[in-house]
Every structure is written in structure tokens, then in C-alpha cells.
Amino acid sequence: MPRAMRCGFHGAAVRDSVRAVRRNGRLADVDTIETLRGQRGDVGHLFQGDRVHRDVYTSPEIFALEQERLFARTWQFLGHASQVPKPGDFVTTEIAGRPLILVRAADKSLSVVMNRCAHKGAKVLTEATGSTGRALRCPYHGWSYRLDGSLLGLPIQKDYEGTRLRECENGKGLERIASAERRGFVFVRLGGEGPSFEEYFGPALSFLDMMADRSPEGELEAIMPPLRVSIKCNWKIYLENINDSLHVFAAHEPTMIAGRQIWSPKTPDEPRPMPVEQLAGFQAGTGFEFIEKMGARVMPEGHSLLGLAASVHSHYGEDPAYLAAMTKAYGEERAKAILAYMPQNGVMYPSVALKGSPQVMRVLRPIAADRTVLEAWCFRAKGAPPMLAERSMLYNRLVFSPLSLVAQDDVHLFETAQKSLLASGNPWVSLHRGHRPGEENDFGKDKSGIDEIVMRNQHRAWAKYMAPAWSGGRA
Amino acid sequence: MSARTLPAETDLAAFVYREARLVDERRFHEWLDLFAEDGRYWLPMRREQTDPSAEQSITVEDKPLLLKARVLRLASGKAYSDQPPVRCQHVLQAPAVEEIDHGANRYRTHTPFFYAEYRQGEQLVLAGTARHTLRLEGGALRIVEKRVDLLGAGNAIPSIFLMP
């Protein structure tokens, strides 16, 4: 088949190329990705409104395009301001294939630069965290940079006189990356095009307030390091599951049963130990009716909120000293409103999910089409008793960690799905639950907690941000 | 070791070998019985970590609640990720005895290991060090704490389905 005719059968073309990649044992087929780009790289038709083509989850070529488009045009969480309190403090990380440095400058401002020397590409910093003083210096040949990334000095400067170095990118220093901070949460936009931070997240920015408002001082401190789990599945399989309230009753049944067996109250009012309280969220007592009623809302750009009226976290008891501190800080009415607001998950598409209580955040780091690293972050709410941080850390261990009794079944299912989606046969993944024609603009409307609209809404944003040329319109 | 004698170095080593073997043979209830009632299974993220409540850990499980839940879940035969049953193999270096304190009833060992886990057609291999703190209860050694420092624990590691 001539290459030009593949366009209309895009899914099949990608599948063929995946087979070719396997045969050759290479990671990416340069011809094929160039072909995708050449065909105007239109992949939007792989989402049909109520179902998704498997290539969206399995194709290395699509993954490469995601790194260039979706993850470059949208905003990703990098780190928390509390990780770099003093001038010169830095953290390094890698997001969508870009090695990055977050550093605090002398004037206390934060900057994000590419962790790649403008000379020959060596990593300037290899520690995860530390202090770099007043400058960044590459260990290879000693090129140095100011904390905003601009070039500070070169060894034996005179040899560059009369060369074109100062006129080109290499002479400008470390590439600067657009960043934005809200309530201590630092986000980056890796590419040069795309919406502003405020425009992109819109109402979803309130999820960050939901986290920080739970501190009587309105400030959080990240408890480092986050848990990190390497999972052999596409990042979207994990992301869809974050707001998949239905799977809890099937996938986690054995853990629910074990959770019920380990403890019973000696007296009717004996308070539940914290692990029992948290596992109770996964117990059938909550039931289908409960998750239906807990409600969901979708927002532009793929963001969503699950658990409007209630969530599996609603029954958590609070320390009286904490309640008193919150009332003192915010007044009774506002404190009550902050504490009553505990959705299951606020998703800031494409890579962040937040829980106000128990104060945890999940961040997805896409590594390959079939590999994702999950980071599970915890925060200490300044001015709150230690119980809150303990609850936050316990939740991450119990539900997200590499040894978690809950995550084991999720990971098993994600990984088997990732493998079986490669098989021939029906290539479509179903997201039909609750689908109605014309739902594309149902932003802010109350939906059932088991409506797959939260996932369809993510794929609509995916198609928008995967467009070959950035148009700037809203999803 | 009879009820009247105090544990010697060889008894401590034999205990550590048996503990690993019970997991390898999927004798989970017997494994749980090796823990003291206040016993703890702890996998920190950092070797320097001394307090499980100060920062995140891969897991901290007290015997009566979460460690028991782990064993009940595996023993139920219903966990999807355990179908077919996951198997593991500990390969232990000879345990080094770090402390024998009969007066304080405290015994500590240090055991580097390789741990392999076979699941869904794939084998995962991890390395690490297990540190056991034991005490004598009614003539039998029991685990007060089993601390496992995995190599690379602070970085992204795959899910682990049994107990290194």
C-alpha cells in the first residue's frame, strides 16, 4: 500500500509500524514517525467520542507525538516551592523526556531551566536535590550559568572570539522553561506554544486551594521524597482509573474483605484505627448507589472532579485541636466549608490528581508508551497536628505504594490490559457508560459518579492538544 | 533451641532462613506467627531513615492490622493479581549477628539478599538488606521488627506482590 493512502486507515498504519518496530527491535521507527508528521500527524480520529483506539495506549509513535504536542502544550506539575526554600536550592527531575532544574534565585524567584549543558549536552546537575550556590556549573568543561539559565562564563573565553557562539542558541545558556506557581505548587509548560497557566487550568486551579486551605496557615510543605512506582502501562490507563469509581467493587474486593476481617469494635463507639478507617473506603458498605450519588463534574481541557456531595473520604474523623485551629484561622463557617469539601479526586489533566483529605497528590510521569512512573506526594499542612501528615503518608502506603494491597490489583489489571491491547481483533476500548450526544460542553453540570464522561472528557482534550498545529481554541 | 536455653548465633541465623523460606513456600499464616504481637514489617525509602512517621515509606505494617490484612488477602485465593499464585525466592547471604543482648532480650541480625518474584510470566529481581530485631517470647524467637532496605528504594521501583 502506498504510504499516502495510509492516512484514512491511520490506526492500521500505526499498528503495522508497531509490528515493524518489534521486528527490528528498535524503540522508534524514524520513517514512521516522520510519516505521521508528514500526514499532518492527525491522530484525533483515534478517539470517536465514546470509544478509543488501542493505538492511543500502545503506539510508540503516538507516544513520541504526545511528548512533542500534548505534554509540551499543557501544564505539568514539577515540584513544590517548599523543596527549595533558600536561594541556590535546587531540585532536578525529568518530565516527558526533558531533564529539568527548578532553582531559587537570589531574589527568591523560582526559575526552571533545562538540565542540559548548552555546550555538549551533559547534565549540569545529577543530584536530586541540593544547593548550587550562586551559579550552575557544568562538570564536563566548566561552562557556567546564572540561576536564570543565562550564560555566565566559559573556560578560555578568547577562543570564542570571532565565532558565532553568541549569535546562536548555545550562546544563550540553558533553555528556560515557562513556569507558574500557585499555593506553592510549581507547574511548567515545556513547549513554546499553548495556553497560559490560568487559562489552561481555569476552575481546576481551585484544587490547589483545596489542598492549601486545609492548613490553618494556608501553607503546605512537601514531605520528601514522594513514593515512586514504575508501572508497565500507558499513562492514560492509570489516569482513567483515577476517576473510575466502579472498579473499586470488582478489583478491590479481596482487599475489602481482608479489611473487614482485621478489626471489630470492642464497644459500639470505639473509634476505628486509622488503617481500618482508610480501608473502609474500599468496602462494599459504600455501594453502587453511593458512588452514583457522589457525583462528578467535567471541566474544559480534560480536568474533572469526582465526589461532589461525598466521597470515600467523607467519614474521616478529625482531631478537635485541628478543628479549633481551623476555626481560629478562618472563622467557623469558612472552616466548616473547607473541611466538608473532600472530593475523591480533582484531576488536573493530564498528569495530576489531588485529594484534599487525606492531603495526597498523584503525579503521572510518562516514560514510554508502555511505561509510567507514578509519584505519590504527601504534604504537611503548616499549623496542623501531626495526625494529618500521618494520615496522608498512611494513605499513600496503603493505596499507592509498590507494596500496596490496593494498588497490586490495579497494577495487575493495568499491565494485563496494556499487553492484551496489542492483540489483533476489535481495536476499540469502550467508554460508552452514560454517553449522550452533545455532551461535549456539559461543563459544570452534575453527572453520576460512575459516568465515564470524566474519561471521555480527557480524550477530548487529548485530541485537541494532539492536533498537528496549535490553534489556541478551547477543548 | 529448647525453652530453657538462650539463643546462640546459629539460632538467630536459622530463624532468619526459616522466615524467608516460609514466604517462598507461601506458608503465610506461619510467617505471620513469627511476628511478635507488636511486631512490624518496614520498608523505608531511605537507608538513613530512622523514624517511619517522619517521612514516607514503601510500607510500614503492624502485625495486628495491616500485616494480617496482607496475609488474609493472599490466603483468600481471590486476589486477582495472585491468579495464578505469585512465587518468590529469597537468596540470603549468611546473616551477620549485630547484637546479642540476653539481658535486654534483644537480638539483631543483618542479612543482604537477592529476591526474585515470578508473576504473569515475568521475573523481577531485587536486591537489598534485611535487618531483623528479635526477642525471645515463651522460649521462641519472635520478630519485633523486620526492616528491609531495597537497593534503589527511593527511586521508582515496580510493584512487589509478595514480601522481600
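Data block above holds the structure.
Residues numbered from 1 in each chain as written. Chains lettered and ligands numbered in written order. Predicted model: local features only at pLDDT ≥ 70, side-chain atom pairs only at ≥ 80, totals over all residues. Heavy atoms only, no water.

A.B. asks: Help me understand the nonpolar core in this model?
C.D. replies: One broad rule of soluble globular proteins: the nonpolar side chains tend to lie buried together. Residue and element names in this part refer to chain A. Core analysis: the largest hydrophobic core is formed by 156 residues, its most contacted members being Phe185, Phe187, Met348 and Leu354. Those residues in contact with Phe187 that lie beyond four places of it in its chain are Trp75, Gln76, Phe77, Leu78, Ala178, Ser179, Ala180, Phe197, Phe201, Leu208, Met348 and Val352. One finds Val103, Ala105, Leu147 and Leu154 within the second-largest nonpolar core, a separate group that totals 18 residues. (Core = buried A, V, L, I, M, F, W, Y, C linked by side-chain atoms within 4.5 Å. Buried < 20%, exposed > 50% of the residue type's maximum accessible area, 1.4 Å probe, protein only. Contact = heavy atoms within 4.5 Å.)

A.B. asks: Whenever I open this one, the pattern of salt bridges confuses me. Can you help?
C.D. replies: Across all of its chains, the model carries 42 salt bridges over all chains by this definition. As a salt-bridge pair, Glu332 of chain A and Lys336 of chain A come within 3.4 Å of each other at their nearest N and O atoms. Of this pair, Glu332 of chain A and Lys336 of chain A both sit in helix H14 (residues 332-340), four residues apart, roughly one helical turn. Among the ionic pairs, Glu48 of chain B bridges to Arg46 of chain B, the shortest N-O distance being 3.3 Å. Assessed through its relative accessible area of 57%, Glu48 of chain B is described here as exposed. The class of Arg46 of chain B is partly exposed, set by a relative accessible area of 31%. One salt-bridge network, in which partners are shared between bridges, spans Arg182, Arg183, Asp209, Asp213 and Arg334 of chain A. (Salt bridge = Lys/Arg side-chain N within 4 Å of Asp/Glu carboxyl O. Helix = DSSP H or I, 4+ residues; strand = E, 2+ residues; numbered from the N terminus.)

A.B. asks: Honestly, the interface of chain B and chain A in this entry has me stumped. Any pointers?
C.D. replies: Many analyses report the size of an interface as the accessible area lost when the parts associate. Tallying the contact residues gives 38 residues for chain B and 43 residues for chain A. Both sides of the chain B and chain A interface together cover about 3,400 Å² of buried area, and 60% of this is carbon and sulfur. Looking only at chain B, the three residues that lose the most surface to chain A are Gln56, Arg73 and Tyr80 of chain B, adding up to 21% of its buried area. Summed over the shared surface of chain B and chain A, the result is four salt bridges. Residue Lys419 of chain A is joined to Glu122 of chain B by a salt bridge in which the shortest nitrogen-to-oxygen separation is 3.2 Å. On inspection of chain B and its partner chain A, the count reaches 22 residue pairs in polar contact (both at pLDDT 80 or more). Contributing elements (two or more residues each) for the side of chain B that touches chain A: strand E1 (35-44), strand E2 (57-62), helix H3 (63-75) and strand E8 (157-158) of chain B. With eight residues, the single largest contributor to the side of chain B that touches chain A is H3 of chain B. Across the side of chain B that touches chain A, the residue classes tally to 20 nonpolar, ten polar and eight charged. Bridge count for strand E12 (residues 220-231) of chain A against E8 of chain B is two bridges, and the pairing is parallel. (Buried area = accessible area lost by both parts, 1.4 Å probe. Polar contact = N/O pair within 3.5 Å; in protein donor to acceptor, adjacent residues only side chain to side chain. Nonpolar A, V, L, I, M, F, W, Y, C, P; charged D, E, K, R; others polar. Pairing = 2+ DSSP bridges.)

A.B. asks: Got a minute to help me understand H3 of chain B in this structure?
C.D. replies: In an α-helix there are 3.6 residues to a turn, and that puts residues three or four apart on one side. All names here are of chain B. The terminal C-alpha atoms of H3, which comprises 13 residues, lie only 16 Å apart, well short of the 18 Å expected from a rise of 1.5 Å per residue. Of all bends in H3, the biggest is about 30°, found at Ala69. For H3, the buried fraction is high: ten of the 13 residues fall into the buried class. Three or more residues of H3 are buried, namely Lys63, Leu65, Leu66, Leu67, Ala69, Arg70, Val71, Leu72, Arg73 and Leu74. (Expected span 1.5 Å × (residues − 1). Bend = angle between axes of the 7 residues up to and from the residue.)

From the geometry alone we can't say anything about function, so treat these as descriptive.
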